[in-house]
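Structural description and commentary
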Number of protein chains: 2
Amino acid sequence: MKTSRSTIFGGALTLCASLIFVAAAHAQTDPLPSWNEGPAKQAIRDFVRVTTDKANLRYVPPPQRIATFDQDGTLWVEQPLYTQVAFAIDRVKALAPKHPEWKTRQPFKAILTGNRESLAGFSIQDFERVVAETHSGITIEEFHTVVKAWLATAKHPRFKRPYTELIYRPMLEVMRYLRVNGYKTYIVTGGGQEFVRVYAETVYGVPPEQVIGSAGKTKYEYSPAGKPVLVKLPEALLIDDQGGKPEGINLIIGRRPSAAFGNSTGDRQMLEYTGTGDGVRLMMLVLHDDAPREYAYGPARGLPDSKVGVFSQALFDEATKKGWTVISMKNDWKNIFAWEE
Amino acid sequence: MKTSRSTIFGGALTLCASLIFVAAAHAQTDPLPSWNEGPAKQAIRDFVRVTTDKANLRYVPPPQRIATFDQDGTLWVEQPLYTQVAFAIDRVKALAPKHPEWKTRQPFKAILTGNRESLAGFSIQDFERVVAETHSGITIEEFHTVVKAWLATAKHPRFKRPYTELIYRPMLEVMRYLRVNGYKTYIVTGGGQEFVRVYAETVYGVPPEQVIGSAGKTKYEYSPAGKPVLVKLPEALLIDDQGGKPEGINLIIGRRPSAAFGNSTGDRQMLEYTGTGDGVRLMMLVLHDDAPREYAYGPARGLPDSKVGVFSQALFDEATKKGWTVISMKNDWKNIFAWEE
């Protein structure tokens, strides 16, 4: 009986494989319709073709197909402030009545009295202090609820839309194209892991276990009602930026990515780490050179300076030298947002 | 054209689904052949049936199907010493010529002069010190090489076989059965994450990104030849035991498991955390009550006391009260190791 069972099963599978092949061939269309033809689009297509072709020496077996994406400035808008900074600012305002001491303590005082633009000069340390104090002392679930409520109402100052609509459509296409070809797509962000997990599955199709970000410690304890809960502590566990990106990738994935996408000096080490692996690798950097449709900042290539998402000339030169592909938002992207059409 | 393409594709998929269904029905055999009929085997089957049946109110959508497994004593033998302790002891001996100070410093002195059995009384702190000093100062890749070489030659003192052959066959069947039913299987171990990643894919079919364990910090830096490397530091990042298990699960997965398997008090919080979720959950504990075939230790149910993998009477009582299933190695497992047949 065993033999005949597996024969039936094997026959069905072969037939299915053929049918799916035929159907897929018919369904073939451009997987990257928001991209103009050019070296960036070509680099993505070549990478997928080579690494998924079993006959190619540089074939990558499916379990090793890992692609990592920075978030701020790579998958969504990061100007004039990182979205999570906007959230933290609103959180300080919401929590202020319970924290009278903030009125006289920096950087809280600046947030409570100033306007958003004056806060662009915040140092990383200022921001970490604000996040530590405003994102802790509650359970993971309570934090998710707070973020969800904020995302439902907060709007971007220029585009007047929810932040989760400010996703770059060309990048969503790349993520989908890679997934269809067996790649696991990870977000590797300097932003908060728990913050991004709230919307990553809905917005990017990236499940919580594929979100790597800056993370605080948690403590397993019991609520007054005796229910076990994970409480967010005000101490950092991982700062997922610069060298912290490869460290975070090793902690959570334990494999070197085959492809990595970023847009700023904070992504340099992730691209370098990715590129040091054997075989063919894809490293790409988004250059924001499109003020009319989005923003223009560098200072690479003489673009205006920025305090957020710096793309230095040194990074541009390194990309050129190492064969990393720079994506020009202006030239490579046919459209930027889903709602533009 | 678009409509006709999707019609062809849709038709092919429907036909495939039907063929696979028919073939699978024919291929139906016992997925748990190493398990005797009884409440434990029944609990596993019921859980899979209920959570994968779309018509059932307690259906679990595939992305949420997460099952976590402790390793030592749950997936493989942990007596007379945790395997990684045996590795660390051999590592101390191998590195001793470079560390003359160890001859007079505890716990290193005890390792260098004593026999393995006398070391069973090591405290967790002793073990952490040994791991910190012997598992650090090298790159992740170098560490993997050292572990691989050790696993290739080291043998278990009683079974005289490589440690990677001391895997419980019934548990491999459970992991496979869950995976076939859309569950992602994770290892959640108090042992070292990098240690377990070396063999988890080959031995358990669990890829590195699904291994959660105690983890040390790493530092992204450059080798003398200028190659970027991740160096293991002697500081702990996560102690993945007791409350650290839910904390590690949240850090790496970001979802509450639907099923959790353990065998000792170190797994209590993981089972409790799993059980606190909505819907149907499966919590199981392996009781080592089979001295002739493996080991017998508790002290639950009057079994001999143990310094490794304690299963207390309090844990047994909690399991009974909360409906967690205790697996009796003696009664529930038809065979224990793959090589027994």
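Rules behind the numbers
Residues numbered from 1 in each chain as written. Chains lettered and ligands numbered in written order. Predicted model: local features only at pLDDT ≥ 70, side-chain atom pairs only at ≥ 80, totals over all residues. Heavy atoms only, no water. Helix = DSSP H or I, 4+ residues; strand = E, 2+ residues; numbered from the N terminus. Buried < 20%, exposed > 50% of the residue type's maximum accessible area, 1.4 Å probe, protein only. Contact = heavy atoms within 4.5 Å. Phe/Tyr/Trp six-rings, centres within 6.5 Å; stacked < 30°, edge-to-face > 60°. Lys NZ or Arg CZ within 6 Å of the ring centre and 35° of its normal. Pairing = 2+ DSSP bridges. Axes fitted to C-alpha atoms, helices over the stretch in contact; angles between N-to-C directions. Core = buried A, V, L, I, M, F, W, Y, C linked by side-chain atoms within 4.5 Å. Parallel < 35°, antiparallel > 145°, perpendicular 65-115°, else oblique. Nonpolar A, V, L, I, M, F, W, Y, C, P; charged D, E, K, R; others polar. Arc of directions from axis to C-beta. pLDDT = per-residue confidence, 0-100. Salt bridge = Lys/Arg side-chain N within 4 Å of Asp/Glu carboxyl O.

Notes on the overall build of chain A
Across its full length, chain A holds 12 helices and seven strands. Expressed as a percentage of the 341 residues in chain A, the buried residues total 53%. Sequence separation of 24 or more characterises 65% of the internal contacts of chain A that already satisfy a separation of 6 or more.

Structural notes on the packing of aromatic side chains
All names here are of chain A. Taken as a whole and assessed by the stated rule, the structure comprises 40 aromatic pairs over all chains. Their ring planes at 15 degrees and their centres at 5.3 Å tell us that tryptophan 150 and tyrosine 163 sit as a pair that is stacked. With tryptophan 150 in helix α6 (residues 140–153) and tyrosine 163 in the loop between α6 and α7 (169–180), this pair connects stretches of sequence that are 13 residues apart. By relative accessible area, which is 10% here, tryptophan 150 ends up buried. Members of the aromatic cluster, connected to one another through ring pairs, are Trp76, Phe87, Phe143, Trp150, Tyr163, Phe195, Tyr199 and Tyr204. For arginine 161, the ring lying beneath its charged end belongs to tryptophan 339, and the centroid distance is 4.2 Å. Lying over the aromatic face of phenylalanine 143, lysine 232 brings its terminal NZ or CZ to 4.7 Å of the ring centre.

Observations concerning the sheet that holds strand β2 (residues 184–192) of chain A
Residues and elements named next belong to chain A. Spatial strand order, β4-β3-β2-β1-β5-β6-β7: seven strands in an open sheet with mixed pairing. If you trace the sheet from one side to the other, it starts and ends with β4 (228–238) and β7 (325–328), each paired once. On average, each strand axis in the sheet is inclined to that of its neighbour by 35 degrees, with strand direction left out of account. Examined bridge by bridge, strand β6 (residues 282–287) and β7 share four bridges and lie parallel to one another.

Points about the environment of B:Trp333
Residues and elements named next belong to chain B. Position of tryptophan 333 relative to the elements: it lies in the segment after α12 (329–332). Taking the C-alpha atoms as reference, tryptophan 333 lies 9.7 Å from alanine 40; in sequence the two are 293 residues apart. When near neighbours in sequence (up to four residues on either side) are disregarded, tryptophan 333 contacts Ser34, Trp35, Asn36, Tyr168, Pro170, Met171, Val286, Arg293, Ile327 and Ser328.

Section: the nonpolar core
Counting residues in each nonpolar core, the largest one holds 56 residues, and the members touching the most others are A:Ile212 and B:Ile212. Here B:Ile212 is in contact with B:Tyr186, B:Ile187, B:Val188, B:Thr189, B:Gln193, B:Leu238, B:Asp240, B:Gly248, B:Ile249, B:Ile252 and B:Ile253, once residues within four sequence places are set aside. Ranked by size, the runner-up nonpolar core spans 55 residues in total, among them A:Ala86, A:Val147, A:Tyr168 and A:Val211.

With respect to the packing of helix α9 (residues 244–252) of chain B against helix α10 (residues 268–275) of chain B
Helix-helix packing is characterised by the crossing angle of the two axes and by the distance between the axes. Residues and elements named next belong to chain B. Two elements in contact, α9 and α10, have axes whose closest approach is 7 Å; the angle formed by their N-to-C orientations is 55 degrees. With respect to α10, the axis of α9 lies oblique. On α10, the residues touching Lys245, Pro246 and Ile249 of α9 are Gln269, Met270 and Tyr273. Its residues assigned to classes, the contact of α9 with α10 comprises four nonpolar, one polar and one charged.

A few points about the packing of helix α9 (residues 244–252) of chain A against helix α8 (residues 193–204) of chain B
For the pair α9(A) and α8(B), interaxial distance at closest approach is 10 Å and the crossing angle is 60 degrees. One finds that α9(A) runs oblique with respect to α8(B). Every residue of α8(B) that contacts α9(A) at A:Asn250, A:Leu251 and A:Ile252 is listed here: B:Gln193, B:Glu194 and B:Arg197. Partitioned by chemical class, the residues of the contact of α9(A) with α8(B) number two nonpolar, two polar and two charged.

With respect to the sheet that holds strand β2 (residues 184–192) of chain B
The strand order β4-β3-β2-β1-β5-β6-β7 (chain B) describes an open sheet built from seven strands, whose pairing is mixed. Strands with a single pairing partner mark the edges of an open sheet, and in this sheet they are β4 (228–238) and β7 (325–328) of chain B. For this sheet, the mean angle separating the axes of adjacent strands, direction not counted, is 35 degrees. As paired strands, strand β5 (residues 259–262) of chain B and strand β6 (residues 282–287) of chain B are joined by four bridges and run parallel to one another. Considered in β6(B), the bridge of B:Ala259 is made with B:Leu282. The strands touched by α9(A) are β3 (211–222) and β4 of chain B; relative to β3(B), the strand with the most contacts, the crossing angle is about 155 degrees.

Describing helix α11 (residues 313–322) of chain B
All names here are of chain B. Turning to α11, its buried residues are Leu315, Phe316, Glu318 and Ala319. Along the axis of α11, the buried residues cluster in a sector spanning 160 degrees; they form a single face. Residues Ala314, Thr320 and Lys321 are exposed on α11 and point more than 90 degrees away from its buried face. Looking at the packing, one finds that the buried side of α11 touches α10, β6 and β7. Within two residues after α11, glycine 323 carries a phi angle of roughly 75 degrees, on the positive side.

Some remarks on unusual backbone geometry
A:Gln106 connects to A:Pro107 through a cis peptide bond whose omega is 0 degrees. In this fold, A:Pro107 is placed in the loop between α3 (83–95) and α4 (108–113). Cis geometry marks the peptide bond from B:Gly298 to B:Pro299; its omega dihedral reads 20 degrees. Tracing the chain through its elements places B:Pro299 in the loop between β6 and α11. Despite not being glycine, A:Gln242 shows a phi value in the positive range, around 55 degrees. Note on placement: A:Gln242 falls in the loop between β4 and α9.

Notes on the confidence of the model for chain A
Residue and element names in this part refer to chain A. The share of residues in chain A with pLDDT of 70 or more is 90%, and the mean pLDDT across the chain is 91. Every residue in residues 1–16 scores below 50 in pLDDT, and together they form 16 contacts with partners more than four places removed in sequence or on other chains. Taken over the whole predicted complex, pTM reads 0.91, whereas the ipTM for its chain interfaces reads 0.90.

A short note on the pattern of salt bridges
Residue and element names in this part refer to chain B. Under the criterion given, the structure shown has 44 salt bridges over all chains. With its nearest N and O atoms 2.7 Å apart, the salt bridge here joins arginine 293 to aspartate 290. Its relative accessible area of 4% is what places aspartate 290 among the buried residues.

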